[in-house]
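Listed below are the residues making up each chain.
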Amino acid sequence: MIRIYNKSNNPLPAYASASAAGMDLRADLAEPVVLQPLERKLIPTGLFMELPADCEAQVRPRSGLALKHGITVLNSPGTIDADYRGEVCVILVNLSNEPFTVNPGERIAQMVIATFRQETLQEVATLEDLSDTERGTGGFGHSGKQ
């Protein structure tokens, strides 16, 4: 369970279906905000959360805004750490050639709750100290080649 404080007039984020991974985040704005082409702005949601210690909230773009208007989350996915208690905000960027208006209450991003674990890093002396794999050091697009 996630404890949440909502200072906005918007409904709490909720899953739209039984199998949905993300919940829509809405803009907590007093008036519309215009994003000019290639402009980015921090959009508040009015939400403050207390996540479990082994969880993060990932802020991701909404596919409809991205496809129809070129609006996306700039640092996608944005991470909200479990010990953060400030307002959840979304960095939106307009990658289109047209101005876009963000209206109060508009669904601007998705939030996915994910568990994680912290690991200890152990430095090795050389690349050869890492175990071998079939892929090895093959880079981008390498795994699909025959």
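In what follows, the structure referred to is the one given above.
Residues numbered from 1 in each chain as written. Predicted model: local features only at pLDDT ≥ 70, side-chain atom pairs only at ≥ 80, totals over all residues. Heavy atoms only, no water.

## Some remarks on the overall build of the chain
Logical step 1: For the chain, the helix and strand inventory stands at one helix and ten strands.
Logical step 2: Beginning at the N terminus, the succession of helices and strands in the chain can be written as β-β-β-β-β-α-β-β-β-β-β.
Logical step 3: Computed over the C-alpha atoms, the radius of gyration of the chain is 19 Å, more than 25% above the 15 Å expected from 2.2 N^0.38 for a compact globule of 146 residues.
Logical step 4: The dimensions of the chain, computed from C-alpha atoms along their principal axes, are 60 × 40 × 30 Å.
Logical step 5: Here the chain holds 146 residues, and the buried ones make up 33% of them.
Logical step 6: Residue pairs at least 24 apart in sequence account for 69% of intrachain contacts in the chain once pairs closer than 6 positions are excluded. (Helix = DSSP H or I, 4+ residues; strand = E, 2+ residues; numbered from the N terminus. Rg over C-alpha atoms; globule rule 2.2 N^0.38 Å. Buried < 20%, exposed > 50% of the residue type's maximum accessible area, 1.4 Å probe, protein only. Contact = heavy atoms within 4.5 Å.)

## Considerations on unusual backbone geometry
Logical step 1: Pro77 follows Ser76 through a cis peptide bond whose omega is -10 degrees.
Logical step 2: Positionally, Pro77 belongs in the loop between strand E6 (71–73) and strand E7 (78–80).
Logical step 3: Positive phi is not limited to glycine here, since Leu38 has a value of about 65 degrees.

## As for the sheet that holds strand E4 (residues 40–50)
Logical step 1: With antiparallel pairing, the four strands of this open sheet are ordered in space as E1-E4-E8-E6. Because the sheet does not close on itself, it has two edges, and the strands there are strand E1 (3–6) and E6. Between one strand axis and the next, the sheet turns through 40 degrees on average, direction left out of account.
Logical step 2: As paired elements, E1 and E4 share four bridges and run antiparallel to each other. The residue of E4 that forms the bridge with Arg3 is Glu50. (Pairing = 2+ DSSP bridges. Axes fitted to C-alpha atoms, helices over the stretch in contact; angles between N-to-C directions.)

## Quick look at the sheet that holds strand E5 (residues 55–60)
Each strand in a sheet pairs with another by means of backbone hydrogen bonds, the pair being arranged parallel or else antiparallel.
Logical step 1: Strand order in this open sheet of four strands is E2-E10-E5-E7, and the pairing throughout is antiparallel. Edge strands, defined here as strands with exactly one partner in the open sheet, are strand E2 (23–26) and E7. Within the sheet, the average angular offset between the axes of one strand and its neighbour, ignoring direction, is 35 degrees.
Logical step 2: Summarising the sheet, E2 and strand E10 (residues 107–115) pair through four bridges and their orientation is antiparallel. Of the residues in E10, the one forming a bridge with Arg26 is Arg107.

## As for the packing of aromatic side chains
Logical step 1: Applying the stated criterion across every chain, the model contains one aromatic pair.
Logical step 2: Relative to Phe48, the ring of Tyr5 lies with its centre 5.9 Å away and its plane at 45 degrees, an arrangement referred to as tilted. Note that Tyr5 is positioned in strand E1 and Phe48 in strand E4, a separation of 43 residues in sequence.
Logical step 3: On the basis of relative accessible area, Phe48 is assigned to the partly exposed category, the value being 25%. (Phe/Tyr/Trp six-rings, centres within 6.5 Å; stacked < 30°, edge-to-face > 60°.)

## With respect to the pairing of E4
On any regular strand, side chains alternate: one points to one face of the sheet, the next to the other face.
Logical step 1: Here seven bridges tie E4 to strand E8 (residues 87–94), and the two strands are oriented antiparallel to one another. Looking at the pairing, Arg40 lines up with Val93 of E8.

## Let's talk about the side chain of Asn10
Logical step 1: The topology assignment puts Asn10 in the loop between E1 and E2.
Logical step 2: Within the local environment of Asn10, its side chain forms a polar contact with the backbone oxygen of Ala27, the two atoms lying 3.1 Å apart.
Logical step 3: Once residues within four sequence positions are removed from consideration, Asn10 is found in contact with Arg26, Ala27, Asp28 and Gly105. (Polar contact = N/O pair within 3.5 Å; in protein donor to acceptor, adjacent residues only side chain to side chain.)

The quantities given are spatial measurements derived from coordinates; they are silent on function.
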